[in-house]
Amino acid sequence: MNNHRCRQSAILLKTRGHKAIIWCVYVVGFMDLFGVSMIVPLLSHHVKALGASPTVAGIVGSTYGILQLFSSTIVGSWSDVVGRRYSLLTCLLSSALGYILLGMSTSITLFVLARIPVGLFKHSLSICRALLSDLVSESERPLVMGHFNAASSVGFILGPVVGGYLTEHEGGFYTSSFTCAAIFIINAGLVWMLPWSEALIPCNDTNASNDTSKLCHDNNCSKLIRNGSRANSLHPMFEAEPGSRASLNKKGDLRWWEMPLLEPIWRQLSSVCSKIHVVASCDMWDLFLVRLLMAIAIMLYYSNFSLAMEERFFLKPKVTGYLISYSSTLGALSGFLVGPVTQLYGNNMPALLLHSTVLTCSLIFMYATAASVWQVLLTSTFFSISTNIGRTCVTDLELQRGGLQASGTLIGAGQSVTSVGRIVAPLLSGLTQEFSPCGPPSLGVILALAAVGLLLIRIPKWDKRGIKVATH
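Residues numbered from 1 in each chain as written. Predicted model: local features only at pLDDT ≥ 70, side-chain atom pairs only at ≥ 80, totals over all residues. Heavy atoms only, no water.

**Side note on the overall build of the protein chain**
A count of helices and strands for the protein chain gives 17 helices and two strands. The buried share of the protein chain, reckoned over its 472 residues, is 53%. Residue pairs at least 24 apart in sequence account for 81% of intrachain contacts in the protein chain once pairs closer than 6 positions are excluded. On the protein chain, roughly 21200 Å² of surface is accessible, and the fraction owed to carbon and sulfur atoms is 68%. (Helix = DSSP H or I, 4+ residues; strand = E, 2+ residues; numbered from the N terminus. Buried < 20%, exposed > 50% of the residue type's maximum accessible area, 1.4 Å probe, protein only. Contact = heavy atoms within 4.5 Å. Areas by Shrake-Rupley, 256 points an atom, 1.4 Å probe, with all protein chains shown as cover.)

**A closer look at helix H8 (residues 172–193)**
Here H8 contains 22 residues, and its C-alpha end-to-end distance of 32 Å stays within 8% of the 32 Å for a straight helix at 1.5 Å per residue. Residues of H8 that are buried: Gly 172, Phe 173, Ser 176, Ser 177, Cys 180, Ala 181, Ile 183, Phe 184, Asn 187, Ala 188 and Val 191. (Expected span 1.5 Å × (residues − 1).)

**Thoughts on the packing of helix H10 (residues 285–303) against helix H17 (residues 439–458)**
Interhelical geometry of H10 versus H17 gives an angle of 160 degrees and a closest axis separation of 8 Å. Classed by the angle they form, the pair H10 and H17 counts as roughly antiparallel. H10 and H17 meet at a crossing whose hand is left-handed. Across the interface between the two elements, Trp 285, Asp 286, Leu 289, Val 290, Leu 293, Met 294, Ile 296, Ala 297, Leu 300 and Ser 303 of H10 pack against Pro 440, Pro 441, Leu 443, Gly 444, Leu 447, Ala 448, Ala 450, Ala 451, Leu 454, Leu 455 and Arg 458 of H17. In the contact of H10 with H17, the residues fall into 17 nonpolar, two polar and two charged. (Axes fitted to C-alpha atoms, helices over the stretch in contact; angles between N-to-C directions. Parallel < 35°, antiparallel > 145°, perpendicular 65-115°, else oblique. Left-handed = near helix turned anticlockwise from the far one by under 90°. Nonpolar A, V, L, I, M, F, W, Y, C, P; charged D, E, K, R; others polar.)

**Regarding the nonpolar core**
Tyr 99, Leu 102 and Leu 132 are the most contacted members of the largest nonpolar core, which totals 56 residues. For this core, the secondary structure elements donating two or more residues are helix H2 (16–49), helix H3 (54–82), helix H4 (84–103), helix H5 (108–121), helix H6 (124–135), helix H7 (141–167), H8 and helix H16 (407–433). Among the elements that make up this core, the one with the highest residue count is H2 (11 residues). Setting aside chain neighbours within four positions, we find Tyr 99 in contact with Val 36, Ile 39, Arg 115, Val 118, Ser 177, Cys 180, Ala 181 and Phe 184. Core analysis: the next-biggest nonpolar cluster, separate from the first, contains 42 residues, Ile 296, Leu 352, Val 445 and Leu 447 among them. (Core = buried A, V, L, I, M, F, W, Y, C linked by side-chain atoms within 4.5 Å.)

**Quick word on the side chain of Thr 432**
By the element assignment, Thr 432 lies in helix H16. The class of Thr 432 is buried, set by a relative accessible area of 16%. Among the polar contacts listed, one links the side chain of Thr 432 to the backbone oxygen of Leu 428, at a separation of 2.8 Å. Residues within four places of Thr 432 in sequence aside, it is in contact with Gly 439, Pro 440 and Leu 443. (Polar contact = N/O pair within 3.5 Å; in protein donor to acceptor, adjacent residues only side chain to side chain.)

**Side note on the packing of helix H15 (residues 373–402) against H16**
Describing two packed helices takes the angle between their axes plus the distance from one axis to the other. For the pair H15 and H16, interaxial distance at closest approach is 10 Å and the crossing angle is 140 degrees. In terms of orientation, H15 lies oblique with respect to H16. Seen from above, H15 lies across H16 with right-handed handedness. The segment H15 lies against H16, with Thr 395, Glu 398, Leu 399 and Gly 402 engaging Ser 407, Leu 410, Ile 411 and Gly 414. Along the lines of polarity and charge, the residues of the contact of H15 with H16 split into three nonpolar, four polar and one charged.

**What to know about the UniProt feature "transmembrane region" (unreviewed entry) in the protein chain**
In the numbering used here, UniProt assigns the "transmembrane region" (unreviewed entry) feature to residues 20–43, 55–74, 144–166, 172–194, 284–303, 323–345 and 441–459. Taken end to end, residues 20–43 is 100% helix and 0% strand, and its two terminal C-alpha atoms sit 35 Å from one another. Across residues 441–459 one finds 95% helix and 0% strand; the C-alpha atoms that close the span lie 26 Å apart. (UniProt positions renumbered as here; feature names shortened; annotations may be inferred.)

**Comments concerning the environment of Arg 401**
Inspection of the secondary structure assignment puts Arg 401 in helix H15. According to the relative accessible area criterion, Arg 401 is buried, its value standing at 9%. Counting along the chain gives 117 residues from Arg 401 to Met 284, while the straight-line C-alpha distance between them is 7.7 Å.

**Brief notes about a nonpolar patch on the surface**
A cluster of nonpolar residues, Leu 97, Leu 101, Met 104 and Phe 178, forms a patch on the protein surface that exposes about 360 Å² of accessible area. In this fold, Phe 178 is placed in helix H8. (Patch = residues over 30% accessible without salt bridge, like charges linked within 9 Å, V, L, I, M, F, W, Y side chains within 5 Å. Salt bridge = Lys/Arg side-chain N within 4 Å of Asp/Glu carboxyl O.)

**Observations regarding the side chain of Asn 149**
Residue position: Asn 149 is located in helix H7. Under the relative-accessibility criterion, Asn 149 is labelled buried at 14%. Within the structure, the side chain of Asn 149 is placed 3.2 Å from the side chain of Arg 129, a separation counted as a polar contact. Non-local contacts of Asn 149, meaning those with residues more than four positions away in its chain, are made with Arg 129, Asn 388 and Thr 392.

Have a look at this one:
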């Protein structure tokens with residue numbers, strides 16, 4: 001009976017409401033990075049136009065990264081508590097407010113104030129990934145995540161084209177800022193209109209982490225998404241908070257006065273802290289360390305790319321720009337390869353992560369020792385593919401090991417780790433570049449080798465899904 005109900009819940013995944021949410025999330029991801037990439041290339045020019053010195057401009061620019069570092073895990077955990085719908089709406093509307101303020105910034109003070117709400121709440125992509133992990137089975141997750149990354153990357157490629165066109169007109173920066181704000185408001189409207197009540201969560205398949213398939217009971221075999229997060233926990237560490245007042249009405253929806261968002265602030269904070277503590281106490285240090293090492297290595301690869309091309313091969317900035325655009329386009333398209341490659345490996349994510357890490361390390365080495373532009377072009381071709389697959393593998397393993405009922409917390413924690421890499425990489429790049437233009441990628445090779453060594457040591461202690469195997 002239980003197996004029959006599980007099969008029924010898997011069929012319900014194909015309903016119109018479920019597909020509508022997934023496709024709308026793809027659109028939200030595309031528009032999100034499309035809007036952001038319109039603004040990001042213009043920020044440094046605008047802050048200098050406001051009269052900031054290079055030092056002040058650097059400090060102002062680091063504000064966003066520091067805020068992201070501390071807010072990623074908190075906002076991700078909060079989305080586990082109040083649901084994806086309301087947390088996503090909050091992030092989108094808060095980001096829109098930040099870009100509206102940015103469009104009104106006529107001084108350094110207003111510019112900094114405008115970056116604060118964006119730094120604190122620009123986690124819409126992380127919540128979208130958590131929502132997708134809620135909607136699909138474990139075997140489908142790499143494919144769906146790959147498509148989402150591809151859609152987002154396409155938006156990131158097209159955004160600067162539109163932003164550059166707008167800046168050619170008078171007041172172009174302010175027009176771009178208000179356009180970006182409008183895009184986030186439209187995204188919020190899409191999220192609000194999604195058919196949340198029609199989407200059903202399937203029971204985890206036989207490959208689900210922590211043996212959750214054994215916990216499939218009649219009363220929770222198919223679970224309604226409450227505002228986009230799982231209604232009932234399958235993982236014992238993330239059961240519903242005691243004394244929760246939330247309940248479903250006859251139509252399967254939460255009553256508005258019983259929404260988790262309207263719970264007392266202290267109760268929400270308690271739940272957030274509880275989830276963060278549980279994730280912090282999990283034995284996942286190896287995955288987070290691999291993520292950090294590879295994030296820094298990849299950023300070192302790109303950190304001085306334009307300058308290195310000019311000094312090593314005497315390329316003009318225009319030609320270097322073509323190389324970067326080529327690499328970015330391949331990175332976007334490679335998202336569609338994640339699903340087939342995962343199936344080729346039989347969903348053996350640890351092995352795929354190891355092989356993609358080895359390939360990335362080899363490509364960074366080839367770039368650091370390249371004797372011609374054609375070698376750089378070759379490494380760029382495969383580098384975008386290997387890094388995209390590696391990021392998807394790390395995220396998938398984190399979700400498998402930590403449990404989907406804290407998917408927001410886990411993805412947020414991963415983003416915090418990546419933010420550390422964004423802060424550290426420019427410093428390391430500057431120090432190593434003092435010795436040679438090949439210094440940053442050479443250091444990247446060392447860090448990638450350390451990640452490979454760590455995986456070789458730790459993977460034998462994991463099972464096929466990345467879960468630590470008990471030793472006797």
